[in-house]
Amino acid sequence: MTDWLDRLDSFIWGPALLIPLLLGTGIYLTLRLGGLQFLKLIPALRLAFVDRSEKDADGDISHYAALATALAATVGVGNIAGVATAIHLGGPGAVFWMWVTALFGMASKYSEAFLGVRFRTVDAKGEISGGPQWYLKHAIPGVLGLVLSIAFAVFAILASFGIGNMTQSNTVAAVVQDQFGVAPWISGLVLMVFTGLVLIGGIKSIARVTSAVVPAMIVLYVLAALVVLALNIGAVPGAIGLIFTDAFTGTAATGGFAGAILAKAIQFGVARGIFSNESGLGSAAIAAAAAKTRHPVRQGLVSMTQTFIDTIIVVTMTALVIVSTGAWTSENKGATMTSEAFSVGLPGEWGSIIVTLAVIFFAGSTVLGWAYYGERCAQRLFGIRSVIVYRVVFTLVVFLGATTELATVWTFSDIMNGLMALPNLIGLLICSGLIARETKAYLQRDPDLRNPPPGSTLNGIQEWENIKGN
């Protein structure tokens, strides 16, 4: 089974399928949107962190809360263990390809969030529901749209138990046991109870927790990384140079590192980049759809900043610490490599303690974000009554992940990520004309994102059905 999963993972994330599709879609959308992610990044950050919300707009949570929920789901183990794994398998050059994936992925993230708001709907409980499981159905006519939407929902539910649950709780249990000697079942039980209590309140409860925890944990982690880099400043220029040179040449064997060819740097850089920031997966569109906003462009731009924060800031900090301290040449991998890097860079036990705390908070918040993604997709397939069943099962699996050996779950998570991305990327390409046209029209009226239009975004589906009908 392990061999079969490895072969399937290599094919999905190989040069014949997802790597060119992800990068190609991001590049294509960047061109169609006129480099939107570069031109509107500053106004988007202001809207997310300064303005934060739109009064009297339709939706369940604010711009900022939607972004925090999406960040909670993405700033997780991938930023600590995933970066180290990419470097371990592909060399320092893999980091460069994570950056490339993120920069073009910002256009993909914008587009899927735009569609998430544009085609969102209201469920039987009066809550907002949106994402690829809905916009693929409503934006793409006929059987194709229906099949793509169902496929996405199925793969997203499966992925939520992998990337969003078992890998997170397992990593927490492992690092807490290594650092503090706590048995995995205790960590699993605590994380399971915490998850269950938060999920009772739905998206508003999740948003309250993530809005408070996510910014604090990111700031503390980045500050710790900056301290390491400041104490080791002489090695930083060399680390940056190594990342750029190895991105195009591959990496020779050194220390405990076995060496990597260029293809491996690209493959693992792209794969772990997507694992980290989820651009192109469509998952963040589910959180974006719940935002209070009067126009999809506004929340699309806010959601776009998620990829920038996740990869260009947090991933870069982890990567520079690992490469500049030389930890990447050791025999360690995953979170252990990152912990070693911080331990080398900081005095005493502070390095390993900081990484342990970061894993706990990053992974715990990721579990909450993905629980919401999974329940919205369950609701799409099985109706509103399935949500409570999903929450119970998801909460129990948190404990299972913490107490079970997960030899193949990381590979399974990579596969589900890829299978999620496929229908979503197809949908983004098909809907690119709609996205570009409505984005251009809105930004001509409100280029600085300071004058939201009056009205509602909840009639987007009916408007589109009328357009298609005519």
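Before reading further, recall that the structure is shown in the block above.
A. Quick peek at the packing of aromatic side chains. Evaluation of the coordinates by the stated rule reveals 13 aromatic pairs. An aromatic cluster of at least three residues, connected via ring pairs, comprises Phe 96, Trp 97, Trp 99, Phe 244 and Phe 248. Here the basic side chain of Arg 118 rests over the ring of Phe 119, its NZ or CZ set 5.1 Å away from the ring centre. Above the face of the Trp 134 ring, Arg 380 is positioned so that its terminal group lies 5.0 Å from the ring centre.

B. Quick look at the environment of Lys 125. Checked against the element boundaries, Lys 125 lands in the loop between strand 1 (121-122) and strand 2 (128-129). Overall, Lys 125 belongs to the exposed group, its relative accessible area being 63%. Through-space distance from the C-alpha of Lys 125 to that of Phe 152 is 23 Å; in sequence the pair is 27 residues apart.

C. Representation of the pattern of salt bridges. Scanning all chains against the criterion turns up seven salt bridges. When the shortest N-O distance is used, the salt bridge between Arg 376 and Glu 127 registers 3.8 Å. Highlighted residues: Arg 376 in helix 17 (residues 350-382) and Glu 127 in the loop between strand 1 and strand 2, separated in sequence by 249 residues. Across the pair Glu 375 and Arg 376 runs a salt bridge, and its minimum N-O distance is 3.5 Å. Arg 376 shares its class with Glu 375; the two are buried. Where salt bridges share partners, they join Asp 123, Glu 127, Glu 375, Arg 376 and Arg 391 into one cluster.

D. Highlighting the packing of helix 9 (residues 142-180) against helix 17. One can describe the packing of helix 9 onto helix 17 by two numbers: an axis separation of 8 Å at closest approach and a directional angle of 155°. As judged from the angle between their axes, helix 9 and helix 17 are roughly antiparallel. The chirality of how helix 9 crosses helix 17 is left-handed. Here the residues of the contact of helix 9 with helix 17 sort into 23 nonpolar, 11 polar and one charged.

E. Expanded view of helix 1 (residues 2-12). Among the residues of helix 1, Leu 5, Asp 9 and Ile 12 are the ones counted as buried. One side of helix 1 carries all its buried residues, which in axial view fall inside an arc of 65°. Across from the buried face of helix 1, at angles greater than 90 degrees, the exposed residues are Asp 3, Arg 7 and Phe 11. In this structure, the buried residues of helix 1 make contact with helix 2 (18-32) and helix 19 (409-430).

F. Representation of the state of the cysteines. Under the counting rule described, the total for this entry stands at zero disulfides. The closest cysteine sulfur to the non-disulfide-bonded Cys 431 is located on Cys 377, 17 Å from its own sulfur. With relative accessibility at 5%, the residue Cys 431 sits in the buried group.

G. Fine view of the side chain of Thr 305. Within the fold, Thr 305 resides in helix 15 (residues 296-324). Taking relative accessible area as the criterion, Thr 305 reaches 0% and is therefore assigned buried. Residues contacting Thr 305, with those up to four places away along its chain left out, are Leu 41, Ala 44, Leu 45, Ala 48 and Leu 67.

H. Highlighting helix 7 (residues 93-118). Over its 26 residues, helix 7 extends 38 Å from the first C-alpha to the last, a length consistent with the 38 Å expected when each residue adds 1.5 Å. At Gly 105, helix 7 shows its largest kink, close to 35°.

I. Structural view of unusual backbone geometry. Its identity is not glycine, yet Glu 278 carries a phi of approximately 60°, on the positive side. Within the element layout of this structure, Glu 278 appears in the loop between helix 13 (262-277) and helix 14 (284-288). The phi torsion at Leu 449 lies on the positive side, around 60°, for a residue other than glycine. For Leu 449, the position within the fold is in the loop between helix 20 (432-445) and helix 21 (460-469).

J. Molecular detail of the environment of Ala 335. Tracing the chain through its elements places Ala 335 in helix 16 (residues 335-345). Judged by its relative accessible area of 13%, Ala 335 is buried. Between the C-alpha atoms of Ala 335 and Asn 165, which are 170 residues apart in sequence, the distance is 17 Å. In contact with Ala 335, not counting residues within four places along its chain, are Ile 80, Ala 81, Thr 171, Val 175 and Val 355.

Procedures and definitions
Residues numbered from 1 in each chain as written. Predicted model: local features only at pLDDT ≥ 70, side-chain atom pairs only at ≥ 80, totals over all residues. Heavy atoms only, no water. Phe/Tyr/Trp six-rings, centres within 6.5 Å; stacked < 30°, edge-to-face > 60°. Lys NZ or Arg CZ within 6 Å of the ring centre and 35° of its normal. Helix = DSSP H or I, 4+ residues; strand = E, 2+ residues; numbered from the N terminus. Buried < 20%, exposed > 50% of the residue type's maximum accessible area, 1.4 Å probe, protein only. Salt bridge = Lys/Arg side-chain N within 4 Å of Asp/Glu carboxyl O. Axes fitted to C-alpha atoms, helices over the stretch in contact; angles between N-to-C directions. Parallel < 35°, antiparallel > 145°, perpendicular 65-115°, else oblique. Left-handed = near helix turned anticlockwise from the far one by under 90°. Nonpolar A, V, L, I, M, F, W, Y, C, P; charged D, E, K, R; others polar. Arc of directions from axis to C-beta. Contact = heavy atoms within 4.5 Å. Disulfide = S-S within 2.5 Å. Expected span 1.5 Å × (residues − 1). Bend = angle between axes of the 7 residues up to and from the residue.

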